[in-house]
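Understanding the architecture of this molecule
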Amino acid sequence: MSYGRVILVTGGVRGIGRAIATRLAAPDTAVIVTHARPNSPGVAETLEILKAKAGAAEAQCWPAEDPKAGEYIEAIAARYGRLDVLVNNAGLTKDSLGVRLSDEDWRQVLEANLFGAFNCSRAAAKIMMKARRGRIISLSSVVAFCGNPGQANYAASKAGLVAMSKCLALELASRGVTVNTVAPGFIETDMTKALGEKVRAALLARIPLGSIGQPEDVAEAVAFLASDQSGYITGQTIHVNGGMYL
């Protein structure tokens, strides 16, 4: 069976990643999501949602920074006949004040968030360049622009995604491939739900729109950048933060 679009969302089984995969799913699309660990929660539920909306859906277990990620992505393109959209959503946090941040926590976050996205983008770009079409979208963060105590590693990795995307945008533009980023603010996820009331109140005080965002808010921005309507936009960052960073 042929598909109108084939979409790969890394880290796509929970939270923002699941919302993105669900939003991009359509009857003529094949949606592939990845998760890093065999016991990752949410895989079965995500597949159930996607199979009800997409022409084909599958979940694959491999981290974005896996040296074999390029082979896995090539296999996806070979199986489905194309690869139209890559969403680099996979990532992790290991928060600590800079003076206490270990070398290992610095390395792991940079490797997962920044190298992982480059690893997948490099493989996808080779496929998209040959097809002379494609969308590469990476999830950055508001903290890449305004900083946040205890997140030097995370902020550095997310800022790196913006710079990387600008470079790839210049390199791939002549082949019809656009490269952009979306920078969410504070979004309602498992992490933010676990915050205490005082912390949530302090966060809300920093957001002019007065509410924490929903994963679907981020998914809508990604969906636009993945669409044909965004064909003249590349090397840009869309901020989805309720006015927290202007």
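Below, the structure is looked at part by part. (Residues numbered from 1 in each chain as written. Predicted model: local features only at pLDDT ≥ 70, side-chain atom pairs only at ≥ 80, totals over all residues. Heavy atoms only, no water.)

1. Focus on the layout of surface pockets
Its volume calculated, the largest pocket comes out at about 1,400 Å³. As for the largest pocket, its lining consists of 49 residues, of which Asn-89, Gly-91, Leu-92, Thr-93 and Tyr-154 are closest to the centre. Residue assignment for the lining of the largest pocket shows that the elements contributing at least two residues are helix 1 (15-24), strand 2 (29-35), helix 4 (103-131), helix 6 (152-172), helix 7 (190-193) and helix 8 (197-205). For the lining of the largest pocket, the element with the highest residue contribution is helix 4, accounting for four residues. Its residues placed into classes, the lining of the largest pocket shows 22 nonpolar, 19 polar and eight charged. (1 Å grid on protein atoms, 1.4 Å probe; cavity = no way out; pocket = protein on both sides within 12 Å on 5 of 7 lines; lining within 4 Å. Points joined across faces, edges and corners; volume = space filled by probe spheres on them. Helix = DSSP H or I, 4+ residues; strand = E, 2+ residues; numbered from the N terminus. Nonpolar A, V, L, I, M, F, W, Y, C, P; charged D, E, K, R; others polar.)

2. Comments concerning helix 4
The end-to-end C-alpha distance of helix 4 is 40 Å, a good match for the 42 Å that 29 residues give at a rise of 1.5 Å each. At Glu-111, helix 4 is deflected by roughly 35 degrees, the largest bend along its length. Looking one or two places after helix 4, you find Arg-132, whose phi comes out positive at around 60 degrees. (Expected span 1.5 Å × (residues − 1). Bend = angle between axes of the 7 residues up to and from the residue.)

3. Overview of the sheet that holds strand 1 (residues 5-9)
For sheets, the rule is that strands pair by backbone hydrogen bonds, running either parallel or antiparallel. Taken in spatial order, the seven strands of this open sheet run 3-2-1-4-5-6-7, and their pairing is parallel. Looking at which strands have only one partner, the edges of the open sheet turn out to be strand 3 (56-61) and strand 7 (237-240). Pairs of neighbouring strands in the sheet enclose a mean axial angle of 15 degrees, with direction left out of account. In this sheet, strand 4 (residues 85-88) lies alongside strand 1 in parallel orientation, the contact comprising three bridges. Across the sheet, Leu-8 pairs through a bridge with Leu-86, a residue of strand 4. Against the sheet, helix 1 contacts strand 1, strand 2, strand 4 and strand 5 (134-139), and its axis sits at roughly 175 degrees relative to strand 1. (Pairing = 2+ DSSP bridges. Axes fitted to C-alpha atoms, helices over the stretch in contact; angles between N-to-C directions. Contact = heavy atoms within 4.5 Å.)

4. Things to note about the packing of helix 4 against helix 6
Their axes nearest at 9 Å, the elements helix 4 and helix 6 cross at an angle of 15 degrees. With respect to helix 6, the element helix 4 is oriented roughly parallel. In this structure, the crossing between helix 4 and helix 6 has a hand that is right-handed. Of helix 6, the residues touching helix 4 (which contributes Asp-105, Trp-106, Val-109, Leu-110, Asn-113, Leu-114, Ala-117, Phe-118, Ser-121, Ala-125 and Met-129) are Ala-152, Asn-153, Tyr-154, Ala-156, Ser-157, Lys-158, Gly-160, Leu-161, Met-164, Leu-168 and Leu-172. Residues of the contact of helix 4 with helix 6, tallied by class, amount to 15 nonpolar, five polar and two charged. (Parallel < 35°, antiparallel > 145°, perpendicular 65-115°, else oblique. Left-handed = near helix turned anticlockwise from the far one by under 90°.)

Note that all results are geometric; they support no functional claim without further evidence.
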